[in-house]
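Take a look at the letters that make up each chain.
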Amino acid sequence: MPIIIENLHYTYMGGGPFEKNALHDVNIKIDDGSFIGIIGHTGSGKSTLIQHLNGILKPTKGSVVINSIDTKQKNLKELRQQVGIVFQYPEHQLFEETVKKDISFGLLKQGLSQDEIDRRIISAMQSVGLDEDILEKSPFELSGGQKRRVAIAGVVAMKPQILVLDEPTAGLDPRGRDEIFGYITKLHNESNMTIILVSHSMEDIARLTERVIVMNEGTIFMDKPSKEIYAQPEQLEKIGLSAPQITYLMKKLKAVYPGINENIFTVEDA
Ligand code: ADP
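Remember, predicted model here, so these are calculated numbers, not experimental data.

Asker: Tell me about the site of the ligand, and name the residues and values.
Answerer: Close to the ligand lie Tyr12, Met13, Lys20, Ala22, His41, Thr42, Gly43, Ser44, Gly45, Lys46, Ser47 and Thr48, which account for all nearby residues. One nitrogen or oxygen atom from the main chain of glycine 43 is found 2.6 Å from an oxygen atom belonging to the ligand. Threonine 48 has a polar side-chain atom sitting 2.5 Å from an oxygen atom of the ligand. A total of 560 Å² of accessible area belongs to the ligand in isolation, and the protein chains cover 65% of it. When contributions to the shell around the ligand are tallied by element, the ones reaching two or more residues are strand E2 (20–30) and helix H1 (46–50). Here the element with the most residues in the shell around the ligand is H1; it accounts for 3 residues. Split by residue class, the shell around the ligand holds 3 nonpolar, 7 polar and 2 charged.

Asker: Give a detailed account of the confidence of the model for the protein, specifying residues and quantitative values.
Answerer: On average, residues of the protein score 88 in pLDDT, and 88% of them reach the 70 mark or higher. For the protein, per-element mean pLDDT is lowest for helix H9 (residues 233–238), which scores 65, and highest for strand E1 (residues 3–12), which scores 98. In this model residues 262–270 is a low-confidence stretch, pLDDT under 50, and it forms 15 contacts with partners more than four residues away in sequence or in other chains. Two summary scores accompany this predicted model of the complex, namely pTM at 0.88 and ipTM at 0.99.

Asker: A description of the sheet that holds strand E4 (residues 61–66) should follow, citing residues and the corresponding values.
Answerer: The strand order across the open sheet formed by 4 strands is E2-E1-E4-E5, and the pairing between neighbours is antiparallel. Among the strands making up the open sheet, the edge pair consists of E2 and strand E5 (69–70). One ladder, built from 2 bridges, connects E4 with E5; its direction is antiparallel. Bridge pairing in E5 links isoleucine 66 to isoleucine 69.

The rules we used
Residues numbered from 1 in each chain as written. Predicted model: local features only at pLDDT ≥ 70, side-chain atom pairs only at ≥ 80, totals over all residues. Heavy atoms only, no water. Near = heavy atom within 4 Å. Polar contact = N/O pair within 3.5 Å; in protein donor to acceptor, adjacent residues only side chain to side chain. Areas by Shrake-Rupley, 256 points an atom, 1.4 Å probe, with all protein chains shown as cover. Helix = DSSP H or I, 4+ residues; strand = E, 2+ residues; numbered from the N terminus. Nonpolar A, V, L, I, M, F, W, Y, C, P; charged D, E, K, R; others polar. pLDDT = per-residue confidence, 0-100. Contact = heavy atoms within 4.5 Å. Pairing = 2+ DSSP bridges.

See the structure below:
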């Protein structure tokens, strides 16, 4: 079992007057090659949770073990090669003069040959639909969607076994959003990469992922296969979705899962 999170608690500024318990008794197990969605309101603990996956944050209590590496250990080089995290608005971290340099930035620290680096750059660009002719361009000449994809390519080029994306389509127009989600789905289908997608959009998570983890106030509120989670619409109300939002979502889901049990749509009558 590659990702094992047990009894995870995390407190910001522990002991001080601003102490904040951001995660409380979180338990999650994730198989290789899964496509997982994490949703929850702002402040529910999603970012805090994902920052535990490559050891940026260490558990206050409990443990996070990735492919047998306990994130509490000091040398996290191997872990960082296995877990790639694309943070929100990753294009803000593009700083090199050319797209090529930006994508290769992480690779240069891995001691790879130049041939291997070049291969990885091209393959990562292809996986997010970027044309090679932008390699020598400045990232700042690109459109918003392209910049985002360059930033994602930089993480994908590291060939992580686990790819975590925090709101990868935030701020993009619908076309840019669909493109990114298309490429993420393709990456998942064509490799055995585990993908963890963080979003506040129920609709995107429902459409794309196989399993949904709903966070609420630092705890796991629900953790179920995507199809099942919607069988309990009243639970969705508890995390703040209104009846019309749930009705809308159910309609969308019906389109995605044509065989889904009609009985779950009772909320429409409410
Ligand atoms: P989400 O990603 O779901 O929006 P976060 O993990 O960012 O949630 O936040 C969980 C809780 O921890 C919130 O109450 C937030 O205010 C608090 N928090 C997040 N980051 C910090 C920080 N650096 N210092 C103090 N509190 C924080």
